[in-house]
Structures are given as structure tokens and as C-alpha cells.
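Geometric and topological summary
Each chain, written out:
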Amino acid sequence: MNDKWLAEQIAKGLIATGVEGGYDAVTCSTAGDYPSMGCSQWEGLGGRGDLLLSYLDGGDHFAGRTYSDIEASGELDALAALLDSEQGHIAQQMILADDCRGKYIPALLDAGLIDDRCIIYAGIWCPTSHYVVNKFLVRRSGRGYDINSLDVLHQLFRDQYAAAADCEEYAAGYANRADATYDYVAGLEV
């Protein structure tokens, strides 16, 4: 299939599985005191989260603010509602499609993925870091793993990704993500 179709499938998978969060998701980033927002957990305080907010009427009210400030002001629900609005959905889909086409697909193809299902599966992991996903796949391929087998890819992400990404504290969540992603991709008619 073509890159545009693959990007659409990755975006649909991220939204359908909710592995990064729903449209209305607002959490505190694990990297600092700033909000992570939406279906791809874009991070604020000058990051891609602020780009998302720039597309939304009233989004500038939340741009550049810490998570703690938004929480202390009692505005988390208002931010979640803004993200979950029709305008919020459209903006998130647009940014996610751009991320998939411009970042995720090239990183996955560069890693040696050629199987459509495997590209979609690994693409759903790319919001964690498309750089880390690329390196993870390249290293596993170099060790003789068939990264173009969906079953092999599932087991690799389930059993090895948390350690490879240096975030073993999230191993249980990543195992759940691996399973949910596998179930979704295995059920696709590709």
C-alpha cells in the first residue's frame, strides 16, 4: 500500500486503541510539569501540545502553561472539553496524520519494515518516540529477528521495548499496549 494509506491506518489505530489517550486526554508529562494532551499525548509548554492548542479557539488560554497551573486553576476539565470538541478532533487528526506521514512512516521504512501490518503495528508505537522505535527495530533486525512478522513484532514490543526504551517502570503498561495493538492490527483487513 502507499504511505498515505499506511499513515491513515496508523492514525486510525492510535485513535481506536486509545493507547496514547482519547481526544480529551490531559495528563502531566512524565518528563516535567507540563500537560500531555490528546490522542497522541502532545506535550505543551512550547512543544507540540502548544501547536495543537494554536489550532483551537480558546486554546491560547492554555498554551505555555504548566500542568500544575492548569490543575490549580481548576481548568483541567475545560481543557479536556476543548480537546474533545469537533474542532479539537479535527486538529488532532490533522496533526496526527502529519506526524504519521512525515515522521513515523519514514522511520519505519528506514528500519526495514515492508509488511503493511507490521508498519501499522510499529507505527502505533511511534508516539512513544519514533527515534527509539526505529533504533529498536534496527537492533532487533540486526540480531536476526524477523521484524516483518506481526507475531514476532508483537512479542518484541511486549517483552523488550520497555527495557530498550529505558523505561522499565512502564513495562506492564507497555505489555498491555503491545497486546491491545496486536489485537487491533490482527483484526484489520489488509
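Quick look at the structure, then.

Cut-offs used in this document
Residues numbered from 1 in each chain as written. Predicted model: local features only at pLDDT ≥ 70, side-chain atom pairs only at ≥ 80, totals over all residues. Heavy atoms only, no water. Pairing = 2+ DSSP bridges. Helix = DSSP H or I, 4+ residues; strand = E, 2+ residues; numbered from the N terminus. Axes fitted to C-alpha atoms, helices over the stretch in contact; angles between N-to-C directions. Parallel < 35°, antiparallel > 145°, perpendicular 65-115°, else oblique. Left-handed = near helix turned anticlockwise from the far one by under 90°. Contact = heavy atoms within 4.5 Å. Nonpolar A, V, L, I, M, F, W, Y, C, P; charged D, E, K, R; others polar. Buried < 20%, exposed > 50% of the residue type's maximum accessible area, 1.4 Å probe, protein only. Core = buried A, V, L, I, M, F, W, Y, C linked by side-chain atoms within 4.5 Å.

Let's talk about the sheet that holds strand 2 (residues 35-37)
- If you trace the 3 strands from one edge of the open sheet to the other, you get 1-2-3, paired in antiparallel fashion. The sheet terminates laterally at strand 1 (26-28) and strand 3 (42-43), the two strands that pair on one side only.
- Bridge analysis of strand 2 against strand 3 gives 2 bridges, and the strand direction is antiparallel. Within the sheet, the bridge partner assigned to serine 36 lies in strand 3 and is glutamate 43.

What about the packing of helix 5 (residues 86-111) against helix 7 (residues 130-142)?
- Relative to each other, helix 5 and helix 7 sit at 15°, their axes nearing to 9 Å. The angle between helix 5 and helix 7 places the two elements in the roughly parallel class. Taken as a pair, helix 5 and helix 7 cross one another with a handedness that is right-handed. Here Lys103, Tyr104, Ala107, Leu108, Asp110 and Ala111 of helix 5 come into contact with helix 7, specifically with His130, Val133, Asn134, Leu137 and Val138.

Description of the packing of helix 6 (residues 116-125) against helix 9 (residues 171-186)
- Where helix 6 contacts helix 9, the two axes come as close as 10 Å, and the packing angle between them is 145°. For helix 6 against helix 9, the interelement crossing comes out right-handed. Across the interface between the two elements, Arg117, Ile120, Tyr121, Ile124 and Trp125 of helix 6 pack against Tyr174, Arg177, Ala178, Thr181, Tyr182, Tyr184, Val185 and Ala186 of helix 9.
- Grouping the amino acids of the contact of helix 6 with helix 9 by side-chain chemistry returns 10 nonpolar, 1 polar and 2 charged.

Overview of unusual backbone geometry
- For glutamine 41, which is not glycine, the phi torsion reads 50° and is therefore positive.
- Phi is positive for aspartate 166, which is not a glycine, with a value near 60°.
- Looking at the element boundaries, aspartate 166 is found in the loop between helix 8 (150-164) and helix 9.
- Residue class for aspartate 166 comes out exposed when judged on its relative accessible area of 67%.

Considering the nonpolar core
- Membership of the largest hydrophobic core comes to 53 residues, with the highest contact counts inside it found for Ile10, Leu108, Val133, Leu137 and Phe157.
- Looking at which element gives the most residues to this core, the answer is helix 5, with 8 residues.
- Among residues more than four places away in sequence, those in contact with leucine 137 are Leu108, Ala111, Leu113, Ala122, Ile147, Leu153 and Phe157.

Description of the environment of aspartate 159
- You can see aspartate 159 is positioned in helix 8.
- Note on aspartate 159: relative accessible area 54%, which makes it exposed.
- C-alpha separation for the pair aspartate 159 and aspartate 99, spaced 60 residues apart in sequence, amounts to 26 Å.

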